Amino acid sequence: MENMRGSVLMVLAMAGFAVEDGFIKILARDLPIGEILCLMGFLGAVIFALISHLRGDAFLSRDILKPMVALRNFGEMVAAMGYVTAIALTPLSSASAIIQATSLTVTMGAALFMGEQVGLRRWSAICIGFLGVLLIIRPGLDGFQPASLFAVLAVVGLAIRDLATRVAPITVSSLQLSGYAFASLIPAGLIVSSFSGVPVMPSAQNWGTLIAAQVFGMSAYVAIVAAMRLGDVSVITPFRYTRLIFAMIIGIMIFGERPDLLTYMGALLIIASGLYTVLRERQLVLKISGC
């Protein structure tokens with residue numbers, strides 16, 4: 001039952017993130033990308049700071065200056081700049097498909113930089129997943145969209161963030177890490193603002209869309225934390241890929257997107273290789289534990 005509840009919460013979290021992405025894409029019609037990042041970062045940081053205050057926890061800490069926390073925030077900045085730009089400039093379905101390669105990139109990074117043992121099978125799965133990314137981006141072909149490379153940049157940023165999280169000091173709480181992550185969107189937005197246009201005054205509708213995006217995004221964050229605490233990680237993690245399903249539904253129904261065969265094939269390769277990697281890691285853990 002715990003795995004069932006955790007799986008349901010994971011699916012709800014992924015639906016929430018997909019809806020948040022949809023609201024961001026709508027916002028990008030009226031507001032520059034840099035301004036969106038700044039506003040989301042400010043609102044998110046304030047909310048997490050208030051939650052920390054209500055719980056009696058200190059939000060600011062000297063630990064923010066520690067190398068792994070700073071590296072995590074840097075990864076968050078890179079990911080936010082890349083993904084929000086990709087959402088704004090490319091189809092939501094293709095950006096969401098590319099972002100699913102994050103888990104494969106984390107596995108590769110853990111092998112290259114953290115000494116984790118990755119066998120031939122998982123390396124093969126990683127290569128197949130990256131082949132799926134190439135099918136979606138299709139460099140050198142007529143359907144190539146240079147802006148899709150921003151989604152690849154986001155994958156790199158998310159991998160840096162996740163790898164740094166593994167070795168972040170345990171003295172830094174999850175609330176602090178999340179609040180710092182949102183705060184890092186502000187300098188990211190300022191950097192992007194130098195390229196994305198002059199800030200404009202948001203309308204009442206823009207504020208409503210922004211708040212809706214924040215509500216869905218933070219609700220999804222709460223759900224994913226609860227999901228990971230309820231059940232087995234290896235059982236619940238595969239349901240992360242439902243985000244792509246929700247993103248494609250939103251892209252098709254709201255934005256009139258029509259993913260082509262190569263996009264579907266690439267997404268299938270990414271998901272299949274990601275699922276194989278998760279299952280393979282579970283088998284290795286069970287083997288080491290003697291189960």
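It should be emphasised that the depicted structure is a prediction, and the values quoted were computed from it without experimental measurement.

**A few points about the pattern of salt bridges**
Piece 1. Summed over all chains, the structure comprises 6 salt bridges.
Piece 2. For the salt bridge of Glu 116 with Arg 122, the shortest nitrogen-to-oxygen distance reads 3.7 Å.
Piece 3. Residue class for Arg 122 comes out buried when judged on its relative accessible area of 4%.
Piece 4. In this structure, Arg 138 and Asp 260 form a salt bridge, with 2.4 Å as the shortest nitrogen-oxygen distance. Remark: Asp 260 occurs in the loop between helix H12 (242-254) and helix H13 (261-289) and Arg 138 occurs in the loop between helix H6 (120-137) and helix H7 (149-166); sequence separation between them is 122 residues.
Piece 5. For Asp 260, a relative accessible area of 31% corresponds to the partly exposed category.

**Re helix H4 (residues 92-99)**
Piece 1. Counting buried residues in H4 gives 8 out of 8 residues, a clear majority hidden from the surface.
Piece 2. When we look at burial in H4, the residues that qualify are Leu 92, Ser 93, Ser 94, Ala 95, Ser 96, Ala 97, Ile 98 and Ile 99.

**A word on the packing of aromatic side chains**
Piece 1. Inspection of the entire model under this criterion finds 2 aromatic pairs.
Piece 2. Centre to centre, the rings of Phe 23 and Phe 216 are 5.9 Å apart; their planes meet at 40°, and the pair counts as tilted. Of this pair, Phe 23 sits in helix H1 (residues 2-27) while Phe 216 sits in helix H10 (residues 204-230), and the two are 193 residues apart along the sequence.
Piece 3. Phe 23 gets classed as partly exposed once you look at its relative accessible area, which sits at 23%.

**A short note on the nonpolar core**
Piece 1. Counting 51 residues, the largest nonpolar core has Leu 37 and Ile 98 as the members making the most contacts within it.
Piece 2. In terms of residues, this core owes the most to one element, helix H3 (residues 67-89), which gives 9 residues.
Piece 3. In contact with Leu 37, not counting residues within four places along its chain, are Ala 80, Met 81, Val 84, Leu 185, Ala 188, Gly 189 and Val 192.

**Examining the packing of helix H2 (residues 33-54) against helix H8 (residues 174-183)**
Piece 1. Running from amino to carboxyl end, H2 crosses H8 at an angle of 160°, the nearest separation of the two axes being 7 Å. Considering the angle they form, H2 stands roughly antiparallel to H8. Two packed elements cross with a definite hand, and for H2 against H8 that hand is left-handed. Between H2 and H8, the residues in contact are Met 40, Gly 41, Gly 44, Ala 45, Phe 48, Ile 51 and Ser 52 and Leu 175, Ser 178, Gly 179, Phe 182 and Ala 183, respectively.
Piece 2. Among the residues making up the contact of H2 with H8, the classes are represented as 7 nonpolar, 5 polar and no charged.

Conventions used here
- Residues numbered from 1 in each chain as written.
- Predicted model: local features only at pLDDT ≥ 70, side-chain atom pairs only at ≥ 80, totals over all residues.
- Heavy atoms only, no water.
- Salt bridge = Lys/Arg side-chain N within 4 Å of Asp/Glu carboxyl O.
- Buried < 20%, exposed > 50% of the residue type's maximum accessible area, 1.4 Å probe, protein only.
- Helix = DSSP H or I, 4+ residues; strand = E, 2+ residues; numbered from the N terminus.
- Phe/Tyr/Trp six-rings, centres within 6.5 Å; stacked < 30°, edge-to-face > 60°.
- Core = buried A, V, L, I, M, F, W, Y, C linked by side-chain atoms within 4.5 Å.
- Contact = heavy atoms within 4.5 Å.
- Axes fitted to C-alpha atoms, helices over the stretch in contact; angles between N-to-C directions.
- Parallel < 35°, antiparallel > 145°, perpendicular 65-115°, else oblique.
- Left-handed = near helix turned anticlockwise from the far one by under 90°.
- Nonpolar A, V, L, I, M, F, W, Y, C, P; charged D, E, K, R; others polar.

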